[in-house]
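Geometric and topological summary
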Amino acid sequence: MSSEKSKVYFGSIQHGIMAKFASFAVKVDKITEMLIEQTPIEKKDKIAIKMHLGFQDGYQTIPVFFVRRIVEALKKTGGYPFITDTSTAVYNAVNRGYTQETCGCPIIPVAGVKDGYSTPVEINFRGFDTLDLGGVLKDADVLIDLSHAKGHGACGYGGAIKNLALGGYAASSRWYKIHGVSHVDQYWDGEKGSIEHAQKLVEACPYRALSYDEKNHKLARNYHDCHQCFTCLELDEGVGAVKVPRESYSAFQEMIAISSQKVLETFDPSKVFYLNFLTQITAYCDCLGAGQPPVVNDIGILGSKDIIAIETATLDLIKKEGLIKELIPPYLKHVNLDPSADLHPFMRLHGPYKDPYEAVKFGEKLNMGSSQYELVEVLSPEETAKMKPAGKTFESEPTFF
Ligand code: SF4
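Residues numbered from 1 in each chain as written. Predicted model: local features only at pLDDT ≥ 70, side-chain atom pairs only at ≥ 80, totals over all residues.

**Describing the packing of helix α6 (residues 160–167) against helix α10 (residues 246–264)**
- The N-to-C vectors of α6 and α10 enclose an angle of 80°; their axes lie 8 Å apart at closest approach. Looking at the two axes, α6 sits roughly perpendicular to α10. From α6, Ile161, Lys162, Leu164, Ala165 and Leu166 reach across to α10, where they touch Ile256, Ala257, Ser259, Ser260 and Val263.
- Its residues assigned to classes, the contact of α6 with α10 comprises seven nonpolar, two polar and one charged. (Axes fitted to C-alpha atoms, helices over the stretch in contact; angles between N-to-C directions. Helix = DSSP H or I, 4+ residues; strand = E, 2+ residues; numbered from the N terminus. Parallel < 35°, antiparallel > 145°, perpendicular 65-115°, else oblique. Contact = placed C-beta atoms within 7 Å. Nonpolar A, V, L, I, M, F, W, Y, C, P; charged D, E, K, R; others polar.)

Spelled out as structure tokens, the structure:
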């Protein structure tokens, strides 16, 4: 990577004047156009727009209003955009307003209709040799990583890296290998812990993150739900049957960095760009399939050619904004709100072992990009405040009265 800082374009949700030319939609258009100009898209190129289309009752994914505008801008290049995500998310995307008619392009399951259209990519990480990359991504010429920035139970934050890492693979890789990587380290010693002890641990966990299989005398932790409150360790004192290994949490972060890198390796780097929507920032990911209170104020949109730069900038802006304390869900019982603790808001919510910068740092080590970025604001409120006020804009053409 060059020593030059990577550019990250920023469009604030705030505007300096009540006018269409200063609006958030215009900033989204402008940033998209700037990135398209920097991307050598050829006529007939197949353009994969990787999104998280959400699940079930979740409504806080990127609004179709913006998706349509991005699709139309891409069509002007002469390429053929299509949206892709996991087969389940694609199948019921219609319930959240995403259809070919509304988005303006086809929506294709990343690994085909039976989730079996994939190609193995070598990772050789913690005993896992390969992952099954979605064949649809492999077939595409251009990649637009279009992400909704929000919290995530397993790693603290879900954005551009997570969008490719978890959503770019067939379900068996996603669940058994990518999520499964946290289970490589042993955290239950059945020789030391009795059946009764295991049952007590399950009952004591305030997040129901532990489950017990009596037949096999196995205690399992759902790392997504664990908030590192260490109640299980306190109860285990003197027994030594259970562990909360720090490295298991890092392993997931490293795994998503590796798996997103493997997606990117299938593209010419010049033919990729990233857009992160910092709106409706919830504590958990869109995969939860439920509406959630937004725990950070809307910030805006970021765009870049560098995945590490955009992820770092996204996390920095969210850190600067901080949490909306009143909207933190009551079931998060161990949120650290101590202002003297230098913690990212997502670590405050999800626990000290879920540092959202960790995956980004692993990605930088893998030469995926640079955390050194220059934030270039587009149509800042200060700039637009000085512009000539627009005339009346309500109900312009077509008019019916
Ligand atoms: S650390 Fe806390 S949340 Fe995690 S498994 Fe133990 S008791 Fe449950």
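**Section: the pairing of strand β3 (residues 80–85)**
- Pairing of strand β2 (residues 46–50) with β3 involves five bridges; the strand directions are parallel. Considered in β3, the bridge of lysine 50 is made with threonine 84.
- In this fold, β2 hands off to helix α2 (residues 64–75), which returns the chain to β3; that crossover is right-handed.
- Of the strand pairs in this sheet, β3 and strand β4 (residues 107–109) are connected by three bridges, and their pairing is parallel. Within the sheet, the bridge partner assigned to aspartate 85 lies in β4 and is proline 109. (Pairing = 2+ DSSP bridges. Right-handed = clockwise from strand over helix to strand, strands pointing away.)

**Remarks on unusual backbone geometry**
- If you check the backbone angles, aspartate 115 has positive phi at about 60° while not being a glycine.
- Position of aspartate 115 among the secondary structure elements: in the loop between β4 and β5 (118–125).
- Its identity is not glycine, yet asparagine 367 carries a phi of approximately 60°, on the positive side.
- Of note, asparagine 367 is situated in the loop between α13 (357–365) and β16 (373–377).

**Notes on the nonpolar core**
- Core analysis: the largest hydrophobic core is formed by 104 residues, its most contacted members being Ile161, Phe252, Ile256 and Leu278.
- In terms of residue count, α10 provides more of this core than any other element does, nine residues in total.
- Lining this core are residues from two domains, each supplying at least three of them: domain 1 (6–181 + 247–385) and domain 2 (186–244).
- Not counting residues within four places of it along the chain, the set of residues in contact with leucine 278 comprises Ala149, Asp298, Ile299, Gly300, Ile301, Leu302, Thr314, Leu317 and Ile318. (Core = buried A, V, L, I, M, F, W, Y, C linked by C-beta atoms within 7 Å. Buried ≥ 20, exposed ≤ 12 C-beta atoms within 10 Å, placed from the backbone. Domains from an automatic or database assignment.)

**As for the domain arrangement of the protein**
- Per the domain assignment, the segments of the protein are domain 1 (6–181 + 247–385) and domain 2 (186–244).
- One C-alpha centre belongs to domain 1, the other to domain 2; they are set 33 Å apart.
- Each side of the interface is counted separately: domain 1 has eleven residues, and domain 2 has eight residues.
- In terms of residue count, α10 provides more of the side of domain 1 that touches domain 2 than any other element does, three residues in total.

**What about α6?**
- With eight of eight residues buried, α6 is to be regarded as a mostly interior element.
- Listing the buried residues of α6 in full gives Ala160, Ile161, Lys162, Asn163, Leu164, Ala165, Leu166 and Gly167.

**Comments concerning the pairing of strand β1 (residues 6–12)**
- The buried fraction of β1 amounts to six of the seven residues, a majority that puts the element mostly inside the structure.
- As defined by bridge partners, β1 adjoins β16 across five bridges and the pair is classed as parallel. Looking at the pairing, lysine 7 lines up with glutamate 374 of β16.
- Pairing of β1 with strand β15 (residues 300–304), which is carried by five bridges, proceeds in the antiparallel orientation. Across the sheet, residue phenylalanine 10 finds its bridge partner in β15, namely leucine 302.

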